[in-house]
Amino acid sequence: MKNNFGTKVSDSASPDKKPGITFVESTDNVEPTPLVVCSVESAALRNPDKPIYYFMKGFSGNLSQYPQPEYKGIPLLSSVRNVTILSLNVTELFEGTPLKSWYQKVKPEKERYWAHVLADGCRLALLWKYGGTYLDTDIISLRSMPFANFTCPESPGTFSNGALGFYHKHHTFLWNCMEDFVAHYNGDIWGQQGPQLITRVLKKWCNTSKLATFIGKECNGISIWITKRFYPISYSAWERYYVHWEKGNIERAFSATFGAHVWNYMNSRKKKSIVAGSGSLIENFFQLHCPITYKNLIQSRNTVGMLGRTVEYSFCGMVEGRETSSEPNHYTCKKCIQLQLLLDSVLELELQLKELQIIWEAEWLIDRTYREIITPKVQHIELKLVKHLDNSGCMGNLSSQALNLKILGMFD
C-alpha cells in the first residue's frame, strides 16, 4: 500500500506488543503543526529500529478520513515506515490507574491549563501501561537514543517531564507519580503536574533534597541524564533556535544531545516561524533531521519574511524557468527571474533585521542610524514586490491560494 507521498505504509505496530517512542496530542486538533510533524519524523529517522507512536485525541483511527490536500500532517506521518498514529481514548487509558478518579471529577472547562495537565497525565499512564520513551512534540531528535529508565533535568533544580523513559511497563516510579498527580493536584499552578511533580517524586525516590548531586548518575535504578541530553538551550534563551548559526558551532553545541527541546510554549506569543533559507538553527534541524517535513511543509510554501511579515507565494505554474498555461495567470520567464531577485533581496535584508532584533532584545545600545537606513530599504522592496505581483496579473491567483500576510511584531 502506498500513500500520496509515494511511500510504502507499513502494518501498524502496537505499543502493548513492542515499546517505542511515544508522542501525545491531548486536544482534538488533527492538523499538527510543522514542528510537531518534525518532532515525530525526526524520532523515526534517528531511531529506525524503534516504533514511533503518535497518540491523537481527535484522531478517529481511520487514516482514509484524512486525505490530502485537506490534511497535511497525518498523511505525511503515515508515510514514514516506523510511525503509527493511534487514537487516544483517555477514559480507557486511565482505567486501572490512580488517574481514573481524578478524570471522572475534573471539569475541563474550568481548568486554566487543561490541554497541558491532561497531557501530563496521559504520558504517565502511557508509560505505565506500555513502557518505552515519552517525548514532547517540540523535541527534535538529533541522534538515536537508548531505551532506558531515565529522567532529565531542564535545570539543576527542576526535572522535566518532557522526556521520560521507562523501558519496562508497570514501573513503580510511574505509579508513584500518578498517585502524587491526584494527591497534589492544582490546575492553577503551571507545571504542578509536570516538572514539579517529577521533581517531588524523584526526591522521595532518591531519598534526597539535593537532586543535582545525582545528575549524570543513577538513583535506585533510574538514570538522571545530563541537561544537555534534551535541554541544551535553556527556556530563557529559546529564541536562539530562530537565529543564524554556523554549522561548526551547531556540531559542538549539540554533540551530547539526543533531542533538542525548542520550548514551543515560550513561542506562543511571538509566533516565530521556520523560514526556508534563513540559515536559522531550527531550519538546520528541519533540513537534517526531518527532511520530509522540511520539503513538504516548509520549503514548499516558499515562505519569505519581509519587515517582520511572512508572505506565502506561488510561481503560478512556472517550473524551472519554463512557461506553462496550467494556470489562467502565469509569469513569463523574465518576470519569474525578476520576482526571485526581489525575494532574495528581501531575505537578505530580513537577516540584517534579525541581527538588530538580537541587539534589541539583549538591551544593547542600538545604532538607530543603521536601523533607520535598513528599514526603509525593506519597505521599498516590499512595495516593489507587491507592485510586481499586481502587474504580473497573478495577484488574484495568489489570493485564491491563500496569500497570507501575518504581522509578527519583530520589534515589539
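Worth saying up front: this structure is predicted, and the values here are computed from it rather than measured. (Residues numbered from 1 in each chain as written. Predicted model: local features only at pLDDT ≥ 70, side-chain atom pairs only at ≥ 80, totals over all residues. Heavy atoms only, no water.)

Participant: Explain the overall build of the protein here, please?
Facilitator: A tally of regular secondary structure across the protein gives 13 helices and 13 strands. Pairs at least 24 apart in sequence give 73% of the contacts found in the protein among residues at least 6 apart. (Helix = DSSP H or I, 4+ residues; strand = E, 2+ residues; numbered from the N terminus. Contact = heavy atoms within 4.5 Å.)

Participant: What is the right way to look at the pattern of salt bridges in this model?
Facilitator: Proximity of charged atoms lets side chains of opposite charge pair with each other. One pass over the full model with this rule turns up eight salt bridges. Connected through shared salt-bridge partners, Asp-120, Arg-123 and Asp-136 make up one network. (Salt bridge = Lys/Arg side-chain N within 4 Å of Asp/Glu carboxyl O.)

Participant: Looking at this model, I keep getting lost on the confidence of the model for the protein. Mind explaining?
Facilitator: Detailed reading of predicted coordinates is not advised where the pLDDT is low. Residue-level pLDDT values for the protein average 80, and 70% of them are 70 or greater. Across residues 356–368, confidence stays below pLDDT 50; counting only partners more than four residues off in sequence or on other chains, it has 17 contacts. (pLDDT = per-residue confidence, 0-100.)

Participant: Could you clarify how one ought to interpret a nonpolar patch on the surface in this entry?
Facilitator: The grouping of Trp-190, Tyr-235, Tyr-265 and Met-266 at the surface amounts to a nonpolar patch, some 430 Å² of accessible area in total. Examined against the element boundaries, Tyr-235 turns out to sit in the loop between strand 9 (222–224) and helix 8 (247–253). Overall, Tyr-235 belongs to the partly exposed group, its relative accessible area being 46%. (Patch = residues over 30% accessible without salt bridge, like charges linked within 9 Å, V, L, I, M, F, W, Y side chains within 5 Å. Areas by Shrake-Rupley, 256 points an atom, 1.4 Å probe, with all protein chains shown as cover. Buried < 20%, exposed > 50% of the residue type's maximum accessible area, 1.4 Å probe, protein only.)

Participant: I keep staring at the environment of Ser-268 and nothing clicks. Help me out?
Facilitator: Relative to the assigned elements, Ser-268 resides in the loop between strand 10 (259–261) and helix 9 (281–289). Residue classification places Ser-268 among the partly exposed positions, given a relative accessible area of 42%.

Participant: Help me understand the environment of Phe-55, please; the structure alone is not making it clear to me.
Facilitator: With respect to the secondary-structure elements, Phe-55 resides in strand 2 (residues 52–56). Residue Phe-55 is classed as buried on the basis of its relative accessible area, which comes to 6%. In this structure, the C-alpha to C-alpha distance between Phe-55 and Ile-85, residues 30 residues apart in sequence, is 6.0 Å. Contacts of Phe-55, omitting those with residues within four sequence positions, involve Pro-15, Thr-22, Phe-23, Val-24, Glu-25, Leu-86, Ser-87, Leu-88, Leu-126 and Tyr-130.

Participant: Is there a simple way to think about the pairing of strand 3 (residues 83–87) in this case?
Facilitator: On any regular strand, side chains alternate: one points to one face of the sheet, the next to the other face. In terms of residue burial, strand 3 counts as a mostly covered element, since four of its five residues are buried. Bridge count for strand 2 against strand 3 is five bridges, and the pairing is parallel. Residue pairing for strand 3: Tyr-53 is matched across the bridge by Thr-84. Note that the unit made of strand 2, helix 2 (residues 73–78) and strand 3 has a crossover that is right-handed. (Pairing = 2+ DSSP bridges. Right-handed = clockwise from strand over helix to strand, strands pointing away.)

Participant: Teacher, can you tell me more about helix 7 (residues 195–206) here?
Facilitator: Spacing of three or four residues puts side chains on the same side of an α-helix, whose turn is 3.6 residues. Along its twelve residues, helix 7 runs 16 Å from first to last C-alpha, staying within 8% of the 16 Å computed at 1.5 Å per residue. Looking at helix 7, one finds that the buried residues are Pro-195, Leu-197, Ile-198, Thr-199, Val-201, Leu-202, Trp-205 and Cys-206. Those residues of helix 7 that are buried are in contact with helix 5 (114–130), strand 6 (150–155), strand 7 (158–166), helix 6 (172–183), strand 8 (217–219) and strand 9. In the segment just after helix 7, Asn-207 is the residue with positive phi, at about 55°. (Expected span 1.5 Å × (residues − 1).)

Participant: For this particular structure, what's the right way to read the state of the cysteines?
Facilitator: By definition, a disulfide is the covalent link that joins the sulfur atoms of two cysteine residues. Summed over the entire model, instances satisfying the criterion amount to two disulfides. Residue pairing for Cys-38: its cysteine sulfur links by disulfide to Cys-290, the two sulfurs lying 2.1 Å apart. The chirality of the disulfide connecting Cys-38 with Cys-290 is left-handed, given an S-S dihedral of about -85°. Residue Cys-38 is found in helix 1 (residues 34–46), and its partner Cys-290 is found in the loop between helix 9 and helix 10 (291–298); the two are separated by 252 residues along the sequence. For Cys-38, a relative accessible area of 0% corresponds to the buried category. (Disulfide = S-S within 2.5 Å.)

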